[in-house]
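So you can see what is in the structure, the chains are spelled out below.
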Amino acid sequence: ASSLQKRTEELIFEIIERAFKQTGISKLCMAGGVAQNSVANGKILSNTPISEIYIPSAGHDAGISMGASQYHYFHNLENKRLKPLYNANLGISFSNEEIKKIIDKLNLKHKFLEDDILFKYVAKAISSNNVIGFFDGKAEFGPRALGSRSILADPRNSKAQQLLNEKIKKRESFRPFAPSILEEHGENYFENYQFTPFMERVLPIKKQMQKLIPAVTHVDGSGRLQSVKKELRPRYYRLIKEFYELTGVPILINTSFNENEPVVNIPEEAIDCYLRTDMDMLVLGNYILEKK
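These figures come from a predicted structure and were not determined experimentally.

Our next topic: the sheet that holds strand E11 (residues 287–290). Spatial strand order, E3-E11-E10-E4-E5-E9-E6-E8-E7: nine strands in an open sheet with mixed pairing. Only two strands of the sheet have a single neighbouring strand rather than two, namely strand E3 (111–112) and strand E7 (201–204). In this structure, E3 lies alongside E11, joined through two bridges in antiparallel fashion. Bridge pairing links phenylalanine 112 to tyrosine 287 in E11.

Below you can see the structure in the form of structure tokens.
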């Protein structure tokens, strides 16, 4: 596996080098299954003449639907090109009223918190080593949960990976969980920091920071990060900011909201996953369910 990864990286760099020599273009867009190889993606800027990379949130086969639509819109209909899309929230969403009806129908004990209290409350719970199911806004388009259908935990806790696997994920211990970081703090924590909105790159974590965030630091000192910008993900940004103000760490563990099945998409699926696992808290919009 290691040799295959190394050779794949070499081939990617060779293809990019050839394309650059032929075109002189230093801005790269990549899609397709191999474009989901986040380890290779994180090495492109330092191993090729490329100055900027764009990888869509759904670089795999599902993204063909968006690509086909865009091709028709730009080429056949000759519309003006749009700026790159850095927001993956293109899926289904539910209002607080819709969520309340589902909770009431299932007769579940709950509480409603306004935003000013909600984010502080959830950040405090995460800092106390609770594992949180976070269901908020429109679902993400692509293979990565980006703070709308996510399970969140404290990256400072060296046992958080074990905790998440025991409670919910049941996956191999060598597979690390990802850090969601406030964009403005990226350069403080990562070597050669690159804006990574869709968790599509692995970058080295600075040595002096690795001990602060052991739960998201891979065995080789790297992390598959997600950059969180306020204007792109305001509610998720606000939660991480509250955690930062509480702990001094501008990062949360972010893994997909599921247990060996597709990522949850609707409130009923989130509730079902919450009830059958050892998750401590479920946040559905402004509603909170807790296991005491």
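Structure shown, so let's carry the discussion forward.
Moving on: the pairing of strand E8 (residues 222–228). Burial analysis of E8 places six of its seven residues in the buried class, which makes it a mostly covered element. Taken together, the four bridges between E7 and E8 define a ladder with antiparallel strand orientation. Considered in E8, the bridge of arginine 201 is made with leucine 225.

Inspection of every chain in the model, using the stated rule, returns six aromatic pairs. Aromatic pair tyrosine 73 and phenylalanine 74: ring centres 5.3 Å apart, planes at 75 degrees, arrangement edge-to-face. The buried category is assigned to phenylalanine 74, whose relative accessible area is 15%. Cluster of aromatic residues (ring-pair linked, three or more members): Tyr54, Tyr86 and Phe195. Geometry around phenylalanine 195 places lysine 229 over its ring, the cationic atom sitting 4.6 Å from the centre. When the ring centre of tyrosine 274 is taken as reference, the NZ or CZ atom of lysine 291 above it lies at 4.3 Å.

In this section: helix H10 (residues 234–247). For H10, spanning 14 residues, the distance from its first C-alpha to its last is 20 Å, which sits close to the expected 20 Å at 1.5 Å a residue. The set of residues buried in H10 consists of Tyr236, Tyr237, Leu239, Ile240, Glu242, Phe243 and Thr247. Residues of H10 that are buried sit in contact with helix H6 (115–127), strand E4 (132–135), strand E5 (149–153), strand E6 (178–182), E8 and strand E9 (251–256). Looking one or two residues beyond H10, the residue adopting positive phi is glycine 248, at roughly 85 degrees.

Vacant regions in the atomic arrangement are exposed by a probe of water-molecule size rolled over the atoms. Tallied over the entire structure, the rule returns one cavity of 30 Å³ or more. The space that makes up the largest cavity amounts to roughly 60 Å³. In this structure, the largest cavity is lined by 13 residues; those nearest its centre are Tyr86, Asn87, Pro197, Leu232 and Arg233. Split into classes, the residues belonging to the lining of the largest cavity amount to seven nonpolar, four polar and two charged.

Turning to the layout of surface pockets, a few remarks are in order. Its volume calculated, the largest pocket comes out at about 1200 Å³. Lining the largest pocket we find 46 residues, and of these Ser38, Val39, Pro176, Val202 and His218 sit closest to its centre. Those elements that place two or more of their residues in the lining of the largest pocket are helix H1 (2–23), helix H2 (38–41), helix H3 (44–47), E7, helix H9 (207–210), E8 and E9. The biggest single contributor to the lining of the largest pocket is H1, with four residues. Among the residues making up the lining of the largest pocket, the classes are represented as 15 nonpolar, 18 polar and 13 charged. One number sums up the size of the second largest pocket: a volume of about 610 Å³. Along the walls of the second largest pocket sit 20 residues, with Cys29, Tyr54, Met66, Gln70 and Phe74 positioned nearest its centre. Sort the elements by how many residues they give to the lining of the second largest pocket and helix H4 (residues 64–76) lands first, with six residues.

Let us now look at the environment of alanine 215. Examined against the element boundaries, alanine 215 turns out to sit in the loop between H9 and E8. With 56 residues separating them along the chain, alanine 215 and lysine 159 place their C-alpha atoms 7.0 Å apart. Setting aside its immediate chain neighbours within four residues, alanine 215 contacts Asp154, Pro155, Asn157, Ala160, Gln161, Phe177 and Ile253.

Moving on: the pairing of E11. Of the strand pairs in this sheet, strand E10 (residues 281–284) and E11 are connected by four bridges, and their pairing is antiparallel. Among the inter-strand pairings, methionine 281 is bridged to a residue of E11, identified as glutamate 290. Turn length for the E10-E11 hairpin, with the two strands adjacent in sequence and antiparallel, is two residues, and the turn residue glycine 285 shows positive phi of about 60 degrees.

If you walk through the whole model with that rule in mind, you get 18 salt bridges. For glutamate 9, the salt bridge identified is with lysine 43, shortest N-O distance 3.0 Å. Of this pair, glutamate 9 sits in helix H1 while lysine 43 sits in the loop between H2 and H3; the two residues are 34 residues apart in sequence, bridging distant segments of the chain. The exposure class assigned to lysine 43 is partly exposed, which follows from its relative accessible area of 33%. Between aspartate 272 and arginine 276 there is a salt bridge, with the nearest N and O atoms lying 2.5 Å from each other. With a gap of four residues between them, aspartate 272 and arginine 276 both fall in helix H11 (residues 267–276), about one helical turn apart. You can call arginine 276 partly exposed: its relative accessible area is 37%. Each of Lys6, Arg7, Glu10 and Glu14 takes part in salt bridges that share partners, so that together they form one network.

Rules and cut-offs
- Within any chain, residue numbers begin from 1 and follow the written order of that chain's sequence.
- Per-residue local features are limited, in this predicted model, to residues with pLDDT of at least 70; the limit for side-chain atom pairs, both in listing and counting, is 80 or more; totals at the level of whole chains, interfaces and linings are taken over all residues.
- Processing note: side-chain calculations cover all non-hydrogen atoms of the structure and skip hydrogens and water entirely.
- A pair of strands counts as paired when DSSP detects no fewer than two bridges linking them.
- For the purposes of this entry, the term helix denotes a DSSP run of H or I that reaches at least four residues, the term strand denotes a run of E that reaches at least two, and both are numbered from the N terminus.
- Each residue is assigned to one of three classes by its accessible area relative to the maximum for its type, calculated with a 1.4 Å probe on protein chains only: buried under 20%, partly exposed between the two thresholds, exposed over 50%.
- Any two of the Phe, Tyr and Trp rings considered here, Trp counted by its six-membered ring, make a pair once their centres fall within 6.5 Å; the pair's planes then place it as stacked at under 30 degrees, edge-to-face at over 60, or tilted in between.
- Note on criteria: charge over ring means Lys NZ or Arg CZ within 6 Å of the ring centre, with the direction from the centre no more than 35 degrees off the ring normal.
- One less than the residue count of a helix, multiplied by 1.5 Å, gives the span that helix is expected to have.
- In this description, contact between two residues means that some pair of their heavy atoms is separated by no more than 4.5 Å.
- Within this scheme a cavity is a closed region of a 1 Å grid, computed over the protein atoms alone, that accommodates a 1.4 Å probe without allowing it to escape, whereas a pocket is open but has protein on both sides within 12 Å along at least five of seven lines; lining residues each have an atom within 4 Å of a point.
- Grid points are joined across faces, edges and corners, and a volume is the space filled by probe spheres set on the points.
- Ten residues, namely Ala, Val, Leu, Ile, Met, Phe, Trp, Tyr, Cys and Pro, are considered nonpolar, four, namely Asp, Glu, Lys and Arg, are considered charged, and the remaining ones, Gly among them, are considered polar.
- Whenever Lys or Arg places a side-chain nitrogen within 4 Å of a carboxyl oxygen from Asp or Glu, that contact is recorded as a salt bridge.

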